[in-house]
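Next come the chains, spelled out residue by residue.
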Amino acid sequence: MKYGHFDRSRREYVIRNPATPLPWINYLGTQEFFGMISNSGGGYCFMIDARKRRITRYRYNNVPMDSGGRYLYVRDERTRKFWAPGWMPVKADLDFYECRHGLGYTVITGEKDGIRVATRYFVPFNESCEIWETDVTNTGRGTRTFTLFSFVEFCLWEALNDATNLQRTLNLGEVEIDGSTIYHVTEYRERRSHFAYFAASEKIDGYDTDSEAFLGRYNGFHEPRAVAEGRSGNSVACGWNPCGSHSIRMTLKPGETKKLNFLLGYAENPEDEKFSAPGVLNKKRVRATIGKYLKRRNSEQAFRALAREWDDLTGRFQAETPYENLNMMVNTWNQYQCVTTYNMARSTSYYETGIGRGIGYRDACQDLYGAVHIMPPERSRQRILDLAAIQWRNGATYHQYQPLDKKGNATIGVGFNDDPLWLILGTATYIKETGDWSILDEQAQFDNNPDETATLYEHLIISVRHIMRNRGPHGLPLIGRADWNDCLNLIMTGIKPGDTFQGDATHASLNDEIGSVPESLMIAGQFVWAASEFMRMAEHRKDAKNARMAARAAQAMRDAIVRHAWDGEWFVRAFDRFGKKIGSRHNAEGQIFAESHGWIGMAEVGKENGMLARALDAVKERLFSRHGIVLQQPAYTAYNFYWGEMTSYPPGVKENAGIFCQPTGWLTISECNVGRGDRAMEYYRSICPAEREEISDVHRCEPYVYAQMIAGPDSARFGEAKNSWLTGTAASSFLAVSQYILGIKPGYDGLLIDPCIPKEWDGFKVRRRFRNAVYRIEVTNPSHVSKGVRSVAVDGRKIEGRTLPDFRDGKTHKVEVVMG
């Protein structure tokens, strides 16, 4: 069943049935101030440039689903009935409903009994506020009088404290009301210099700032007392749960429209300017912002600027292929999601919920693959240097860091041995995109210690040597606490209720009898790729010694993979503490894994002797399903302490034979590396959100963004997606389609053209902005091959090879590519 459709011309997803299987959400904002909004208008706002302060509440238990946050209500003064334009939370039958999720904005329209309310929600670029542009129209034949109620439920800043320390938090709530603006000033009198505000452009008839007064005792969001009675209580919060609500009564003639603006925002005052009078919030700094954006002409101007910004960001890569769903995803939604993951990391970090333990090290690096061409170069550059600064002298890194204070943390443990390699790969990605080699000479701290620094280049040398020093009995990298698969935990010493599987390995160092044995084939493949990238950097610097070191290390790892990891038809996944194979035909369960083959394939290990193609054939035969590539098969049916968390999940879920979507991108790349464009496209389409729109009742998640996981064939919910938006799948999918299927690869010397497409394609076009030049690339495929370039012409002149000149001249250049 479909719940909506793509409006390709407007680059929106349009939802016409409000009762989607799950709340289908959108993220508003591009840097520090974010709003998360569902198709009902529910959700929350939060600030991430100042310790992740939650502005509005959105409960974790969320029962009923999609409850709380922000709403609008309409009460008809003739019938005394009320409803919500977003359907939730009242769930009254609407005569018309539509939600349009666009790039950085959402428009929700509801109509009932001749009253239509349409609201456009967005966060202006580089502002710390969310604008609600609300148009109320009388579509009936007679004059109508009704009351519009706004509602937001304020969070007491720190989400975890708000939800747990009730003996304190329920006594803190404070507000100030000034005209049509409600100021949330909880804890402002002592420890805070920031506040929130909720303003209306119209003169209000009443307000509420106490949730119980607005809702009524024992009432839910679907039956607020103030709305049912048609009047606000003018309550002033004193502890308990503060909120912000305006009531505005209006009378409209037939066809008349009333335009209102609401503004939900965040502001800070200098410590010595907190008060305008004893105990009175100093509103001087924020009044200009409020006054500006409550005027519709200014908010519309801000929206046009936001639209131009997103057009510019996503316009840096635009493709035209025979596959319309690919065009729609790669040109709009995939890039849009990549920016969101770059800013918000992953749900597992708890960062978006406001109780974060930090952004994951590998997540912060791998998101560069999907966003480095979009984000300002200085932001990506600084991210890499920040990540280098939480590396230790021995090459290991913290597994997480707080991007605000730049500090690493060990909340979930340290010693994830893939982490140092992500620093190399992230740096390589940045240099290839920007051509900025100077980053290698920048100083970066060790363990955030300003007295101990080295150049980024030295950090990368240490990363390579760290893996070479920490190899197991087969010459393969030690896994440490885990690799990319955080649930493959091979050095655990115990697990108790409340422990994390990753954080347990306190007594298992890499040098003891447990930690010095388990080896990871995923890290082995990753190392070959990373060492090869580092070798190229060393060659550029004319550092022959370290270039030779990296080349020898990469070759030694290739040899070890081929010698020890080949299982007859595929490569094994790991070796455990007893030296036994994981991911082998000799295992009763978990005989073959996806992620190790993805990285071995990306590194092209075994390509020359046919091993890689055979292994990828085994992946296709044993792991591919109609809903995507399963992480491993057969699923584990019993818990195995020595192999960790992946065996703790029910079969078909998450790391126990779920369809973890990110490795699909890696295996798509692997298939391109062996020249099989048809299979690469088959993999790409299997998890493409737009492709799954027709089965929304099965897929359940949004059909415009990737999900982390889809339930595997061993699950009773086979095909059901979970954990959308914040997933590395966004970056790995964009990398696979843009650089490997379409083959437009940023390289150290320029753009390399190396497509691998379905044989039936006649060709495709790409517009790529790269290093201050625009390349209009047209690829033709007269011989209907999957891979191979016969000729390349730039501005009408043939060139040698497949690497385009690095113009950097601000001009547009025509590129003609003939495959064959």
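The structure we're discussing is the one just above.
Quick caveat, the model's predicted, so the values are computed rather than measured.

K.L.:
Let's hear about the sheet that holds strand E44 (residues 812-819): which residues, and what values?
P.N.:
With respect to topology, six strands assemble into an open sheet ordered E22-E40-E41-E44-E42-E43, the strand pairing being mixed. Looking along the sheet, the strands with just one partner apiece sit at the ends: strand E22 (317-320) and strand E43 (797-798). The pairing of strand E42 (residues 789-794) with E44 spans five bridges and is antiparallel. Its bridge partner lying in E44, Val789 is registered against Met819.

K.L.:
So what's going on with helix H6 (residues 296-314)? Which residues, and what values?
P.N.:
Helix length check: H6, at 19 residues, gives a terminal C-alpha distance of 27 Å against a target of 27 Å (1.5 Å per residue), a fit within 8%. Considered for burial, the residues of H6 that qualify are Arg296, Asn298, Ser299, Ala302, Phe303, Leu306, Trp310, Leu313 and Thr314. Along the long axis of H6, the arc covered by the buried residues comes to 160°, so they all point the same way. Facing away from the buried surface of H6 by more than 90 degrees, the exposed residues are Arg297 and Arg308.

K.L.:
Go over unusual backbone geometry, please, and point to the residues and values.
P.N.:
With an omega dihedral of 5°, the bond running from Met88 to Pro89 counts as a cis peptide bond. As for its placement among the helices and strands, Pro89 is situated in the loop between strand E8 (82-83) and strand E9 (96-102). Residue Gln633 is joined to Pro634 through a cis peptide bond whose omega torsion reads -15°. Inspection of the secondary structure puts Pro634 in the loop between strand E34 (632-633) and strand E35 (659-660). The phi dihedral of Asn448 is positive, around 55°, even though this residue is not glycine.

K.L.:
A description of the nonpolar core should follow, citing residues and the corresponding values.
P.N.:
Of all hydrophobic cores here, the largest spans 240 residues; its most connected members are Phe534, Ile561, Tyr684 and Leu742. In terms of residue count, the dominant contributor to this core is helix H13 (residues 521-540) (12 residues). Grouped together as the second largest cluster of nonpolar side chains are 10 residues, Cys487, Ala574, Phe593 and Trp643 included.

K.L.:
Tell me about the packing of aromatic side chains, and name the residues and values.
P.N.:
This structure, assessed with the given rule, holds 44 aromatic pairs. An angle of 75° between the planes, with centres 5.1 Å apart, marks the rings of Phe578 and Tyr642 as edge-to-face. Taken as a pair, Phe578 in the loop between strand E29 (574-575) and strand E30 (581-582) and Tyr642 in the loop between E34 and E35 lie far apart in primary sequence, 64 residues in all. Owing to a relative accessible area of 38%, Tyr642 belongs among the partly exposed residues under this scheme. In textbook terms, an aromatic cluster arises when at least three aromatic residues are bridged by ring pairs, as seen for Tyr3, Phe6, Tyr13, Trp24, Tyr27, Trp310, Trp333, Tyr336, Tyr704 and Trp725. The ring of Tyr188 has Lys274 sitting right over it, with the charged end atom 4.8 Å from the ring centre. Taking the ring centre of Tyr323 as reference, the NZ or CZ of Arg685 above it sits at 4.5 Å.

K.L.:
Which residues make up the side chain of Gln708, and what are the values?
P.N.:
Assignment of secondary structure puts Gln708 in strand E36 (residues 707-710). Given a relative accessible area of 16%, Gln708 falls into the buried group. At 3.1 Å, the side chain of Gln708 forms a polar contact with the side chain of Lys654.

K.L.:
So, the sheet that holds E36: which residues are in play, and what are the values?
P.N.:
Pairing in this open sheet of three strands is antiparallel, and the strands run E35-E36-E37 from one edge to the other. Looking at which strands have only one partner, the edges of the open sheet turn out to be E35 and strand E37 (721-724). Sheet topology places E35 next to E36; two bridges connect them, and they run antiparallel. Counterpart to Ile659 in the pairing with E36 is Ile710.

K.L.:
Lay out the pattern of salt bridges in plain terms, naming residues and giving numbers.
P.N.:
Tallied over the full model, the rule gives 61 salt bridges. Glu229 is the salt-bridge partner of Arg231, the closest N and O atoms lying 3.6 Å from each other. Across the pair Asp754 and Lys745 runs a salt bridge whose closest N-O atoms are separated by 3.4 Å. Assigned by exposure class, Asp754 and Lys745 land together as buried. Here the salt bridges share partners, and the residues they tie into one network are Asp7, Arg10, Glu12, Arg16, Glu98 and Arg100.

Analysis parameters
- Residues numbered from 1 in each chain as written.
- Predicted model: local features only at pLDDT ≥ 70, side-chain atom pairs only at ≥ 80, totals over all residues.
- Heavy atoms only, no water.
- Pairing = 2+ DSSP bridges.
- Helix = DSSP H or I, 4+ residues; strand = E, 2+ residues; numbered from the N terminus.
- Expected span 1.5 Å × (residues − 1).
- Buried < 20%, exposed > 50% of the residue type's maximum accessible area, 1.4 Å probe, protein only.
- Arc of directions from axis to C-beta.
- Core = buried A, V, L, I, M, F, W, Y, C linked by side-chain atoms within 4.5 Å.
- Phe/Tyr/Trp six-rings, centres within 6.5 Å; stacked < 30°, edge-to-face > 60°.
- Lys NZ or Arg CZ within 6 Å of the ring centre and 35° of its normal.
- Polar contact = N/O pair within 3.5 Å; in protein donor to acceptor, adjacent residues only side chain to side chain.
- Salt bridge = Lys/Arg side-chain N within 4 Å of Asp/Glu carboxyl O.

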